[in-house]
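Chain residues, written in single-letter form:
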Amino acid sequence: MRISVIGCGYLGAVHAACMAELGHDVVGVDVDESKVAELAAGRAPFFEPGLPEVLARGVASGRLRFTTDMAETAGARVHFVAVGTPQTAGSHAADLRYVDAAVGGLLPHLSDGDLVVGKSTVPVGTAARLGDLVRASSGADLAWNPEFLREGFAVADTLSPDRFVYGVPGGEGGERATALLDEVYAGPLAAGMPRLVTDYATAELVKVSANAFLATKISFINAMAEIAEATGADVTQLADAIGHDARIGRRFLNAGLGFGGGCLPKDIRAFQARADELGLESLAFLADVDAVNMRRRRYVVDLALEMLGEVVGAKVAVLGLAFKPDSDDVRDSPALDVARALQEAGAHVVAYDPEANATAALVAPGLEYVDSVDEAIQGAALALVLTEWRQFRGLDPEAVGRSMAHRRVIDARTVLDLALWRDHGFEARGLGRP
Ligand code: UDX
């Protein structure tokens, strides 16, 4: 099938490449010329495991191309809208200008029987409004098919998601939309992926409520970490114990520096803002979820200041800048926030991330970036592990201790065996752990 994908960021680039991988003929459209040039050459403009391979295969096969020209969407049967919905400056609501521009830009190129498919995360009510617009201006229809991909697993999550959700209009339009989407996803559906067909509002809410639930789960365990810190309990053992209850489950119960990234923080705020607009108090608890999450960043900064004593001029090694491992994304990264706060407090922050140094340097040029753990810890008065990259798990406390000026470490992501580090003379502190 001929498919267009509007927006080639984290979501759109992966989606376009994966649609070509499924055998479709795909054109990706983005306004950013340099990004389009990279993608057209079969190169990923950001770090995402597995993406370079599917991109290169798609481009080499001739099934995948990229352009800045919206007119090239003409002739495609299904048009995915995968642009960003950032937080509006000065408010918590989602900024829909890119979604509106993408759909508006598509209108002149749509033909009778085409299907526009929203993938962006939007406030409930958006699909109904855009569906009316699309139907009134063309013979096309609109569906909402939210994306649940996790960075670091984006390719696998796109090709074999936990479920497909199709938000479709009522009547024949809905049947046509469902049939087209079934054709697009024929491969994964044949492999048994579940698919749920809903109305627009439900599909929009599935996405934001999934993210709100995940954020709540993380903040729940971080609230338990605060209690553990006050009482001498161990939040990791607590998570293991409650996680054995299948109704609770162990996943997303890792206490630490909390959630960041391009989705969870902004999505829970936008969801709350939408509930406020609807005059509902239902999501007031998300303010606490947000507050617990942000408190963890402050806690780590305060802990670092306490351990350092004298902060001004102290060399501090920051290990990890990305908001999570296997990503170079530093959007709303808790790690980068902590690094910046320590720098502002007067420390000399030397940072190392296996993939995110370059993206971090764009937004925080004042930090010093180095290419290895060894360089970061050399002569440091304190080391902080702020992102749970696999390579940090295997750090040798004796070797690290010999390089540092003082044997002090904060493990904000529960990757180190604190008892072992203490055996090597470290003052070693974790979060929610004695
Ligand atoms: C999230 C959702 O998981 C995905 O379904 C949605 O489509 C987009 O948003 P992503 O932003 O890639 O995906 O990251 P995710 O893996 O959910 O992690 C979010 C943040 O939570 C990271 O900063 C991570 O370090 C943190 N986290 C995660 C924890 O602090 N503890 C955990 O137990 C799990």
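Just so you know, these numbers come straight off a predicted model, no measurement behind them.

A.B. asks: Describe the site of the ligand, with residues and values.
C.D. replies: As a matter of local geometry, the ligand sits amid 21 residues, with F148, E151, N254, F323 and K324 nearest to it. Within the side chain of K207, one N or O atom sits 3.4 Å away from an oxygen atom of the ligand. Here K324 contributes a side-chain N or O atom positioned 2.8 Å from an oxygen atom of the ligand. Out of a free accessible area of 670 Å², the ligand has 92% covered by protein chains.

A.B. asks: Just give me the short version of a negative patch on the surface, but keep the residues and values in it.
C.D. replies: There is a patch of like negative charges on the surface, built from E368, D371, D374 and E375. Within the element layout of this structure, E375 appears in helix α15 (residues 373-377).

A.B. asks: Pulling in residues and values, what's your account of the nonpolar core?
C.D. replies: Core analysis: the largest hydrophobic core is formed by 56 residues, its most contacted members being V300, V318, L342, L384 and L386. Taken together, the elements giving at least two residues each to this core come down to α12 (285-308), β9 (315-319), α13 (334-344), β10 (348-352), α15, β12 (382-385), β13 (408-411) and α18 (418-423). Ranked by residues supplied to this core, first place goes to α12 with six residues. With residues near it in sequence (within four places) discarded, V318 still touches A339, V349, V350, A351, Y352, L384 and L386.

A.B. asks: An account of the packing of α12 against α13 is requested, with residue identities and associated values reported.
C.D. replies: For any two helices packed against each other, the geometry is given by the interaxial angle and the distance between the axes. Running from amino to carboxyl end, α12 crosses α13 at an angle of 40 degrees, the nearest separation of the two axes being 10 Å. As judged from the angle between their axes, α12 and α13 are oblique. Of the two possible hands of crossing, α12 and α13 adopt the one that is right-handed. For the pair α12 and α13, contact is made by M294, R297, V300, V301, A304 and L305 and by P334, D337, V338, A341 and L342, respectively. Within the contact of α12 with α13, the residues separate by chemical class into nine nonpolar, no polar and two charged.

A.B. asks: Quick one: what's the story with the side chain of H79, residue by residue and with numbers?
C.D. replies: Tracing the chain through its elements places H79 in strand β4 (residues 78-81). Filtering out sequence-adjacent residues up to four positions away, H79 remains in contact with S4, T73, L106, L110, D114, L115, V116 and V117.

A.B. asks: Any details on the sheet that holds β9? Residues and values, ideally.
C.D. replies: Spatial ordering of the open sheet is given by β11-β10-β9-β12-β13-β14, a layout of six strands whose pairing is parallel. Strands with a single pairing partner mark the edges of an open sheet, and in this sheet they are β11 (368-369) and β14 (427-430). By the bridge criterion, five bridges tie β9 to β10 in an arrangement that is parallel. Across the sheet, the residue bridging to K315 is H348, located in β10. Its contacts with the sheet place α12 against β9, β12, β13 and β14, and it is angled at close to 170 degrees to β13.

A.B. asks: Explain helix α1 (residues 10-21) to me, using residue names and the numbers behind them.
C.D. replies: Spanning 12 residues, α1 covers 17 Å between terminal C-alpha atoms, matching the ideal 16 Å at 1.5 Å per step. The element α1 is extensively covered by neighbouring structure, given that 10 of its 12 residues are classed as buried. Among the residues making up α1, those that are buried are L11, G12, A13, V14, H15, A16, A17, C18, M19 and A20. Directly beyond the C-terminal end of α1, a positive phi value near 105 degrees is found at G23.

A.B. asks: An account of helix α4 (residues 97-106) is requested, with residue identities and associated values reported.
C.D. replies: Taken together, the buried positions of α4 are V99, A102, V103 and L106. Summarising the axial view, the buried residues of α4 lie within an arc of 90 degrees, below the 170-degree limit, and thus occupy one face. In this structure, α4 carries R97 and A101 as exposed residues pointing more than 90 degrees from its buried face. Residues of α4 that are buried make contact with β1 (2-6), β4, β5 (115-118), α5 (126-137) and β6 (141-144).

A.B. asks: Lay out the packing of aromatic side chains in plain terms, naming residues and giving numbers.
C.D. replies: Going through the model one piece at a time under the given rule, you end up with six aromatic pairs. Between W421 and F426 the ring centres are 4.9 Å apart and the planes differ by 65 degrees, which places this aromatic pair in the edge-to-face class. Assessed through its relative accessible area of 3%, W421 is described here as buried. One aromatic cluster is present, built from ring pairs that chain together F80, F164, Y166 and Y185. The lysine or arginine in question, R150, covers the ring of F153, its NZ or CZ lying 4.3 Å from the ring centre. The aromatic ring of F148 is capped on one face by R163, whose charged end is 3.6 Å from the ring centroid.

A.B. asks: Explain the pattern of salt bridges to me, and be specific about the residues and the numbers.
C.D. replies: For the coordinates displayed, the defined rule picks out 30 salt bridges. For D95, the salt bridge is made with R97, and the minimal N-O distance between the two is 2.9 Å. You can call D95 buried: its relative accessible area is 11%. Here R97 falls in the exposed class, since its relative accessible area comes to 53%.

A.B. asks: Can you explain the domain arrangement of the protein chain? Please cite residues and give values.
C.D. replies: Partitioning the protein chain into domains gives domain 1 (2-198), domain 2 (208-289) and domain 3 (296-430). Distance from the C-alpha centre of domain 1 to the C-alpha centre of domain 3: 38 Å. Contacts between domain 1 and domain 3 engage seven residues on the former and nine residues on the latter. Scanning the region where domain 1 abuts domain 3 turns up one salt bridge. Between E151 and R331 there is a salt bridge, with its nearest N and O atoms 3.1 Å apart. The residue inventory of the side of domain 1 that touches domain 3, partitioned by class, reads four nonpolar, one polar and two charged.

Analysis parameters
- Residues numbered from 1 in each chain as written.
- Predicted model: local features only at pLDDT ≥ 70, side-chain atom pairs only at ≥ 80, totals over all residues.
- Heavy atoms only, no water.
- Near = heavy atom within 4 Å.
- Polar contact = N/O pair within 3.5 Å; in protein donor to acceptor, adjacent residues only side chain to side chain.
- Areas by Shrake-Rupley, 256 points an atom, 1.4 Å probe, with all protein chains shown as cover.
- Patch = residues over 30% accessible without salt bridge, like charges linked within 9 Å, V, L, I, M, F, W, Y side chains within 5 Å.
- Salt bridge = Lys/Arg side-chain N within 4 Å of Asp/Glu carboxyl O.
- Lys, Arg positive; Asp, Glu negative; His and termini not counted.
- Charge placed at Lys NZ, Arg CZ, Asp CG, Glu CD.
- Helix = DSSP H or I, 4+ residues; strand = E, 2+ residues; numbered from the N terminus.
- Core = buried A, V, L, I, M, F, W, Y, C linked by side-chain atoms within 4.5 Å.
- Buried < 20%, exposed > 50% of the residue type's maximum accessible area, 1.4 Å probe, protein only.
- Contact = heavy atoms within 4.5 Å.
- Axes fitted to C-alpha atoms, helices over the stretch in contact; angles between N-to-C directions.
- Parallel < 35°, antiparallel > 145°, perpendicular 65-115°, else oblique.
- Left-handed = near helix turned anticlockwise from the far one by under 90°.
- Nonpolar A, V, L, I, M, F, W, Y, C, P; charged D, E, K, R; others polar.
- Pairing = 2+ DSSP bridges.
- Expected span 1.5 Å × (residues − 1).
- Arc of directions from axis to C-beta.
- Phe/Tyr/Trp six-rings, centres within 6.5 Å; stacked < 30°, edge-to-face > 60°.
- Lys NZ or Arg CZ within 6 Å of the ring centre and 35° of its normal.
- Domains from an automatic or database assignment.

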